[in-house]
Amino acid sequence: MKKAAVVLGAGASFDVHNDTVPVLNPDLRPPVARQLFDARFWHYRRPYRGAEVLGAELGRLARDDSAFDLEARLTQYATSSDERTRRHFKDVPPYLRDVLMHASNEYVPSPTNYINLVRRLLQDGTHEITFVVLNYDTLLERALSRYDRSLTFRNLDEYVTPGRQARVIKIHGSTNWAVSIPGTGRGENQNIGWERALDQFEPSSAPSDQTLVDERDDTSHGWRHPDNGRFLYPRLTAPLREKTFSCPEEHTWYLADFLSACHKFMIIGTSGLDDDLLDVMEEAVTAPCMVQYVNLDEGVVHANQRFESKIRAFRERGPTAPEPQQFRGGLTNYLDTDALERLINAD
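Residues numbered from 1 in each chain as written. Predicted model: local features only at pLDDT ≥ 70, side-chain atom pairs only at ≥ 80, totals over all residues. Heavy atoms only, no water.

Enquirer: How would you explain the overall build of the chain if you had to name every residue and give the values?
Expert: Secondary structure summary: the chain contains 15 helices and 9 strands in total. Against the compact-globule benchmark of 20 Å for 347 residues, the chain has a radius of gyration of 20 Å, which places it among compact chains. Counting only C-alpha atoms and orienting by the principal axes, one finds that the chain spans roughly 65 × 45 × 40 Å. Looking at the 347 residues of the chain, the share that counts as buried comes to 54%. Accessible surface, the chain: about 15000 Å² in total, of which carbon and sulfur atoms supply 48%. Each charge class in the chain can be summarised by its mean position, and for the 41 positive and 51 negative side chains these summaries are 2 Å apart. (Helix = DSSP H or I, 4+ residues; strand = E, 2+ residues; numbered from the N terminus. Rg over C-alpha atoms; globule rule 2.2 N^0.38 Å. Buried < 20%, exposed > 50% of the residue type's maximum accessible area, 1.4 Å probe, protein only. Areas by Shrake-Rupley, 256 points an atom, 1.4 Å probe, with all protein chains shown as cover. Lys, Arg positive; Asp, Glu negative; His and termini not counted. Charge placed at Lys NZ, Arg CZ, Asp CG, Glu CD.)

What follows is the structure, encoded as structure tokens:
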């Protein structure tokens, strides 16, 4: 089959609702980066002292400073000379997990734009699709399983199972991926509390036993591994200036192999600032490419410029690589056109 890659950023999840289902909780609209520490998410910060401490500054800056760079500020916290600030930063990924987990499940009853996108990409069976997801939410997984029950994910291996028409690479991790915190389980020290457990835990040296968590079994920061009873820490990369892949190594290998044979791309709802992804794409993508960029506003221009500046194959022009197309108005407006079909049907 032919191949196409779809890169989904925070703007895609922000625009996941297309008015065909009710909004259950408008406060849980999936946030873009600047909104992650909004006052509407205060009650999710309360169980995490570190997120409360750092959020006291982050929320204010994000609201009042148009040039605020969340990734740069979080990087300052993570690398601070103050041990207490570094400890507080450890609470940020669990807080983000809780916010985005609830946004995935409680904003709308159905991720309608993602379902529409998935159906139209897969229905004719001519293309193998890889979704490269920059977000932590599980809205795309829900859409895939709604369209085709065989595209349900029951473990991390199934994200890249051979033979599937659609595969998913979540390069920065996921709200439902976790690693266990050593020394906190049955037969160890199960009475230890969350804060003390996190005091002694270093996420950067976390064990590699990633677990796929059933989000319906939410007990907030009391999540425990079903087998050993250990606390579970989210496997996701906090939005830092220098982000790194948090997916299993096999997923990274698959992505590079897929990209080497792919020349059709949809870039939806991202600013193009994820250098970890762009570096992989620069090395893997070799053929001239057909590219569509989708964003809510002028960010579509910046994304186009950023991808082309970093990926040589995106700069090439010719009969099989026409000028890139830009679509403003977000995912909803893009799906109201036939642009997706024109990309898929092109040779």
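Enquirer: Hey, could you go over helix α4 (residues 70–78) for me, with residue numbers and the actual values?
Expert: Within the sequence span of α4, burial applies to Leu-70, Glu-71, Leu-74 and Tyr-77. Buried residues of α4, seen end-on, are gathered within an arc of 115° and therefore sit on one face of the element. (Arc of directions from axis to C-beta.)

Enquirer: Account for the sheet that holds strand β5 (residues 211–212), with residues named and values stated.
Expert: Reading across the sheet, the 3 strands line up as β5-β4-β6 and stay open at both edges, with antiparallel pairing between neighbours. Each edge of the open sheet carries a strand with a single partner, namely β5 and β6 (232–236). Relative to β6, strand β4 (residues 173–180) is paired through 4 bridges, and the arrangement is antiparallel. Among the inter-strand pairings, Ser-180 is bridged to a residue of β6, identified as Leu-232. (Pairing = 2+ DSSP bridges.)

Enquirer: I'd love a proper account of the environment of Asn-25, names of residues and values included.
Expert: The residue Asn-25 is located in the loop between α1 (10–14) and α2 (42–45) in this model. A C-alpha to C-alpha distance of 4.9 Å links Asn-25 and Tyr-107, two positions 82 residues apart in sequence. When residues no more than four places from it in sequence are discounted, the contact partners of Asn-25 are Glu-106 and Tyr-107. Only 3.1 Å separates the side chain of Asn-25 from the backbone nitrogen of Asp-27, close enough to count as a polar contact. (Contact = heavy atoms within 4.5 Å. Polar contact = N/O pair within 3.5 Å; in protein donor to acceptor, adjacent residues only side chain to side chain.)

Enquirer: Any chance you could break down the pairing of strand β2 (residues 127–133) for me, citing the residues and the numbers?
Expert: Within β2, 7 of the 7 residues are buried, which leaves the element mostly enclosed by the surrounding structure. In the sheet, strand β1 (residues 2–8) pairs with β2 via 7 bridges, with the strands oriented parallel. Bridging across to β2, Lys-2 finds its partner in His-127. Sheet analysis places β2 next to strand β3 (residues 166–170), joined by 5 bridges and oriented parallel. Residue pairing for β3: Phe-131 is matched across the bridge by Val-168. After leaving β2, the chain enters helix α8 (residues 139–147) and then returns to the sheet as β3, a path that is right-handed. (Right-handed = clockwise from strand over helix to strand, strands pointing away.)

Enquirer: Please set out unusual backbone geometry residue by residue, giving values where relevant.
Expert: The backbone phi angle of Asp-19 is positive, close to 70°, even though this residue is not glycine. Structurally, the position occupied by Asp-19 is in the loop between α1 and α2.

Enquirer: Give me the lowdown on the pattern of salt bridges, citing residues and values where you can.
Expert: Across all of its chains, the model carries 19 salt bridges by this definition. The shortest N-O distance in the salt bridge between Arg-97 and Asp-98 comes to 3.1 Å. You can call Arg-97 buried: its relative accessible area is 0%. Owing to a relative accessible area of 3%, Asp-98 belongs among the buried residues under this scheme. Measuring nitrogen to oxygen at the nearest pair gives 2.9 Å for the salt bridge that ties Arg-328 to Glu-298. Placement of Arg-328 in the loop between β9 (325–327) and α14 (330–335) and of Glu-298 in the loop between β8 (290–294) and α12 (299–310) is noted, with a sequence separation of 30 residues between them. (Salt bridge = Lys/Arg side-chain N within 4 Å of Asp/Glu carboxyl O.)

Enquirer: Residues and numbers for the pairing of β1, please.
Expert: Along β1, 5 of the 7 residues are buried, which leaves the element largely enclosed by surrounding structure. Pairing analysis gives 4 bridges linking β1 to strand β7 (residues 264–268), with the strands arranged parallel. Note on β7: the bridge partner recorded for Val-6 is Met-266.

Enquirer: Mind laying out the side chain of Ser-145, listing which residues take part and the relevant values?
Expert: In this fold, Ser-145 is placed in helix α8. A relative accessible area of 19% places Ser-145 in the buried class. At a separation of 3.0 Å, a polar atom in the side chain of Ser-145 contacts the main-chain carbonyl oxygen of Arg-142.

Enquirer: Summarise the sheet that holds β3; cite the residues concerned and give the values.
Expert: Strand order in the open sheet formed by 6 strands is β3-β2-β1-β7-β8-β9, and the pairing between neighbours is parallel. Either end of the sheet is taken by a strand with one partner, and the two such strands are β3 and β9. If you compare each strand with its neighbour and ignore which way they point, the axes differ by 15° on average. Packed on one face of the sheet, helix α10 (residues 249–259) meets β1, β2, β3 and β7 and runs near 130° to β2. (Axes fitted to C-alpha atoms, helices over the stretch in contact; angles between N-to-C directions.)

Enquirer: Go over the confidence of the model for the chain, please, and point to the residues and values.
Expert: Should pLDDT be low for a region, the predicted coordinates there are not to be read in detail. Residues at a pLDDT of 70 or more form 95% of the chain, whose mean pLDDT is 90. When the elements of the chain are averaged for pLDDT, β5 gives the smallest value, 84, and helix α7 (residues 112–122) the largest, 98. (pLDDT = per-residue confidence, 0-100.)

Enquirer: Give me the packing of helix α3 (residues 49–64) against α4: which residues, what numbers.
Expert: The description of two packed helices rests on the angle between their axes and on the distance between the axes. At a closest axis distance of 11 Å, the pairing of α3 and α4 adopts a crossing angle of 160°. In this view, α3 runs roughly antiparallel relative to α4, as classed from their interaxial angle. At the point where α3 passes α4, the crossing takes the right-handed sense. Between α3 and α4, the residues in contact are Leu-54, Glu-57, Leu-58 and Leu-61 and Leu-70, Arg-73, Leu-74 and Tyr-77, respectively. Considered class by class, the residues forming the contact of α3 with α4 number 6 nonpolar, no polar and 2 charged. (Parallel < 35°, antiparallel > 145°, perpendicular 65-115°, else oblique. Left-handed = near helix turned anticlockwise from the far one by under 90°. Nonpolar A, V, L, I, M, F, W, Y, C, P; charged D, E, K, R; others polar.)

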